[in-house]
Amino acid sequence: VQEEKIFAGKVLRLHVCTMEGAEWLEEGPEDTTVEKLKERCLKHCLPGSLEDPKTVTHHKLIHATSEKVLTDTKTVLEENIQDRDVLLLIKKRAPTLLPKMADVVAEEKRKQEQKAPDKDAILKATANLPARSVDRTVTHHNMRDFQTELRKILVSLIEVAQKLLALNPDAVELFKKANAMLDEDEEDRVDEIALRQLTEMGFPESRAVKALRLNHMSVTQAMEWLIEHADDPSVDAPLPGQAPAEAPAEGAASSAEAAAGPSSEEGGEEAKDELTEIFKKIRRKREFRPDPRAVIALMEMGFDEKEVVDALRVNNNQQNAACEWLLGDRKPSPEDLDKGIDTNSPLFQAILENPVVQLGLTNPKTLLAFEDMLENPLNSTQWMNDPETGPVMLQISRIFQTLNRT
């Protein structure tokens, strides 16, 4: 018996696998180095590969259970490999090649070409262009075109509605109702949609009604008021002067009845004169109420109270627009607000030819809505949601937008 066989170590049977799917059993003593074991595996799966000395170094044996990479200089025993363990023969990945300097420079150049120009580049490129100054006032007036035109339209439509209602044989009866509606306390009218929005937020209905009345039906301002006065003990107290609302209506009715007194043709003329006076009274009763918060804010900037009120009236109680008006050329002027639209213009003719508008102009409530929106722009949302006046306002807006685009 040979000496090396007498003193040979324990023979291990190892299961070897490759990434390509090859499998076989490899036997060897436990004192075999990992490098020798790897050479035997390569001879088995890659015949002739050992001619290239790099082949051995480019492969590694890995213990499948522990996922440990075996060291070539150590023995199988030192790597604690047991009989019937599974080993993986893996070829090392080739290292990633570093990009060439020329490729790096080309990539940077490409990124620079795709980059947006900076301020200096823009100034350099536009240096030879003729300078133009943008007229901010013109731009601002264009933004206000609809509101300005709407006021003119309302002024002219009020005159048409007055003439139509004066020709109605039941004019006096109609204006009994109209005056009663006008003389009713304005605070009794509440925007139902705005009220529903507040009650859905959890505010009590009575408190929400009071907040809307104090804030000209503005949901945002009403909500702020409710939050600010949540702990106020008098938050649910009724508004002063709210209850007596019947006396003016009776006075208005008596004046309307007085106008209905004469029954002859001469009396009819007197009735028309009386109606003219009623129209004047209706206009005088509707006084512009500036937003108190906007007044305070603008006066704190140093503007006089009268000019602040004029600015808010011109700009429909919009504080920012009123501030720009005060700082700008102050056009249109408050006097321009009482001027109507050109009655021969295509816009006004298209409005008058609309059947919905024609029918609405015979309704006293439409006249009152026009008057109210003219002096209190914040109430326009309420009239837009009204089933009688809403369709008329919708048609006017659509006609304006259609003709403005052409």
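All values derive from a computational prediction rather than experimental measurement.

*Asks:* Give a detailed account of the overall build of the chain, specifying residues and quantitative values.
*Replies:* Per the secondary structure count, the chain includes 21 helices and five strands. In the chain, buried positions account for 36% of the 406 residues. Of the contacts formed within the chain by residues at least 6 apart in sequence, a portion of 61% connects residues at least 24 apart. Approximately 25400 Å² of the chain is accessible, and the part contributed by carbon and sulfur atoms is 54%.

*Asks:* Break down the nonpolar core for me, citing the residues and quoting the values.
*Replies:* Residues Ile-153, Leu-157, Leu-347, Ile-351, Phe-370, Met-373 and Ile-396 are the most contacted members of the largest nonpolar core, which totals 25 residues. Those elements that provide at least two residues to this core are α7 (145-167), α17 (346-352), α18 (355-361), α19 (364-375) and α21 (390-405). When near neighbours in sequence (up to four residues on either side) are disregarded, Phe-370 contacts Leu-154, Leu-157, Ile-158, Leu-361, Val-392, Met-393 and Ile-396.

*Asks:* With reference to specific residues and values, describe the pattern of salt bridges.
*Replies:* As a working rule, side chains carrying opposite charge can pair if their charged atoms are close by. With the rule as written, the count across this model stands at 11 salt bridges. Ionic pairing is found between Asp-72 and Lys-38, a salt bridge with its closest N-O pair at 2.9 Å. You can see Asp-72 sitting in the loop between β4 (68-69) and β5 (86-91) and its partner Lys-38 sitting in helix α2 (residues 34-45), a full 34 residues away along the chain. Its relative accessible area of 0% is what places Lys-38 among the buried residues.

*Asks:* I'd like a description of helix α10 (residues 205-214), backed by residues and values.
*Replies:* Summarising burial for α10: seven of the 10 residues are buried, a large majority. The complete set of buried residues in α10 reads Arg-207, Ala-208, Val-209, Lys-210, Ala-211, Leu-212 and Arg-213. Tucked inside the fold, the buried residues of α10 contact α9 (192-200) and α11 (219-228).

*Asks:* Pulling in residues and values, what's your account of unusual backbone geometry?
*Replies:* For Asn-80, which is not a glycine, the phi torsion comes out positive at approximately 60°. Under the relative-accessibility criterion, Asn-80 is labelled exposed at 54%. Despite not being glycine, Arg-84 has its phi angle at roughly 70°, a positive value. In this structure, Arg-84 sits in the loop between β4 and β5. The exposed category is assigned to Arg-84, whose relative accessible area is 58%.

*Asks:* Could you give an account of the state of the cysteines, with specific residues and numbers?
*Replies:* Tallying each qualifying case throughout the model produces zero disulfides. The cysteine Cys-41 is free of any disulfide, with Cys-45 supplying the nearest cysteine sulfur at 7.0 Å.

*Asks:* Break down the sheet that holds strand β1 (residues 11-18) for me, citing the residues and quoting the values.
*Replies:* Ordered in space as β2-β1-β5-β3-β4, the five strands form an open sheet in which the pairing is mixed. The strands lining the two open edges of the sheet, one partner per strand, are β2 (23-29) and β4. Pairing geometry for strand β3 (residues 59-63) and β5, over five bridges, is antiparallel. Bridge pairing in β5 places Ile-62 opposite Leu-88. Here α2 sits on the sheet in contact with β1, β2, β3 and β5, set at roughly 145° to β2.

*Asks:* Please set out the packing of helix α15 (residues 305-314) against helix α16 (residues 319-327) residue by residue, giving values where relevant.
*Replies:* Contact geometry for α15 and α16: axes closest at 8 Å, N-to-C directions at 120°. Taken as axis vectors, α15 and α16 run oblique relative to one another. As for how α15 packs across α16, the hand of that crossing is right-handed. Along the contact surface, α15 presents Glu-307, Val-308, Asp-310, Ala-311, Leu-312 and Val-314, while α16 presents Gln-319, Ala-322, Trp-325 and Leu-326. The residue inventory of the contact of α15 with α16, partitioned by class, reads seven nonpolar, one polar and two charged.

*Asks:* Mind laying out a nonpolar patch on the surface, listing which residues take part and the relevant values?
*Replies:* On the surface, Met-101, Val-104 and Val-105 cluster together into a nonpolar patch covering about 290 Å² of accessible area. Residue position: Val-105 is located in helix α4 (residues 101-114).

Parameters at a glance
- Residues numbered from 1 in each chain as written.
- Predicted model: local features only at pLDDT ≥ 70, side-chain atom pairs only at ≥ 80, totals over all residues.
- Heavy atoms only, no water.
- Helix = DSSP H or I, 4+ residues; strand = E, 2+ residues; numbered from the N terminus.
- Buried < 20%, exposed > 50% of the residue type's maximum accessible area, 1.4 Å probe, protein only.
- Contact = heavy atoms within 4.5 Å.
- Areas by Shrake-Rupley, 256 points an atom, 1.4 Å probe, with all protein chains shown as cover.
- Core = buried A, V, L, I, M, F, W, Y, C linked by side-chain atoms within 4.5 Å.
- Salt bridge = Lys/Arg side-chain N within 4 Å of Asp/Glu carboxyl O.
- Disulfide = S-S within 2.5 Å.
- Pairing = 2+ DSSP bridges.
- Axes fitted to C-alpha atoms, helices over the stretch in contact; angles between N-to-C directions.
- Parallel < 35°, antiparallel > 145°, perpendicular 65-115°, else oblique.
- Left-handed = near helix turned anticlockwise from the far one by under 90°.
- Nonpolar A, V, L, I, M, F, W, Y, C, P; charged D, E, K, R; others polar.
- Patch = residues over 30% accessible without salt bridge, like charges linked within 9 Å, V, L, I, M, F, W, Y side chains within 5 Å.

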